[in-house]
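Okay, here's what each chain looks like letter by letter:
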Amino acid sequence: MSAPTSIKRLSRATANFLSASQIFREPADILVKLIQNSVQGGAQRVEVILHMDDRSQDLSNGDICIVDNGRGISKAKLISSLFPKTNTVYDRTGSLVHLATLSCMTIRSYPENELHGFEIIVRGNKIMKERSLPQVESSGTTVKVEMAEAMMAWLNSSITFS
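Residues numbered from 1 in each chain as written. Predicted model: local features only at pLDDT ≥ 70, side-chain atom pairs only at ≥ 80, totals over all residues. Heavy atoms only, no water.

An order of β1-β2-β6-β3-β4-β5 is seen for the six strands of this open sheet, with the pairing classed as antiparallel. Unpaired on one side and paired on the other, β1 (46-51) and β5 (126-133) mark the two borders of the sheet. The sheet shows a mean angle of 10° between the axes of neighbouring strands, taken without regard to direction. Here six bridges tie strand β3 (residues 104-110) to strand β4 (residues 117-123), and the two strands are oriented antiparallel to one another. By the bridge assignment for β4, Ile107 is matched with Ile120. Along the sheet, helix α2 (residues 27-40) contacts β1, β2 (63-68) and β6 (140-146); its crossing angle with β2, the most-contacted strand, is approximately 10°. Together, β3, β4 and β5 form the strand contacts of helix α3 (residues 75-82), whose direction differs from that of β4 by roughly 15°. (Pairing = 2+ DSSP bridges. Helix = DSSP H or I, 4+ residues; strand = E, 2+ residues; numbered from the N terminus. Axes fitted to C-alpha atoms, helices over the stretch in contact; angles between N-to-C directions. Contact = heavy atoms within 4.5 Å.)

Encoded structure:
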């Protein structure tokens, strides 16, 4: 008879990575989720900007940038959605925690009814930089995802269980 196998709880980082790799299988998945976030945030206009590798026209080495005119998101809500206390986030920002696990993201938001906007740069679920932005006339959010970072995470995703 073999010895019983112990079951170990996955770290939050590992659980987020596994979840993200199931949600985002290719760049188009990221694009769809970001557009859904914009629409759910009340955007009536969503601009998609793709920066591709000039030689190969390959998005995996470029960036995806979404600019919307929605309600924006408060800094506190964004940070709580990027670093949730539980593994499940039910609101529209849930996909951001998964994107932050895989990539480098720059998020700039001007929440409605707030005096200032903000910008946060997140890489691998760590805030690398944050700053306040001057007041503007309209609300909205810009999310830029560096695809090279996401693709490297996918390619190097050798998670082992012991």
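Across the protein chain, the average pLDDT comes to 75, with 64% of residues at 70 or higher. Counting interchain partners and residues more than four positions distant, the pLDDT-below-50 stretch residues 87-92 has eleven contacts. When the criterion is pLDDT under 50, residues 157-162 qualifies, and its contacts beyond four places in sequence or with other chains add up to seven contacts. (pLDDT = per-residue confidence, 0-100.)

Moving on: α2. Here α2 is 14 residues long and its end C-alpha atoms lie 20 Å apart, about the 20 Å a rise of 1.5 Å per residue gives. Within α2, burial applies to Pro27, Ile30, Leu34, Asn37 and Ser38. The buried residues of α2 occupy an angular sector of 100° when projected down its axis, which confines them to one face. (Expected span 1.5 Å × (residues − 1). Buried < 20%, exposed > 50% of the residue type's maximum accessible area, 1.4 Å probe, protein only. Arc of directions from axis to C-beta.)

This part takes up the environment of Gln135. The topology assignment puts Gln135 in the loop between β5 and β6. Taking the C-alpha atoms as reference points, Gln135 and Phe118, 17 residues apart in sequence, are found 9.6 Å from one another. For Gln135, the contacting residues outside a window of four places in its chain are Leu115 and His116.

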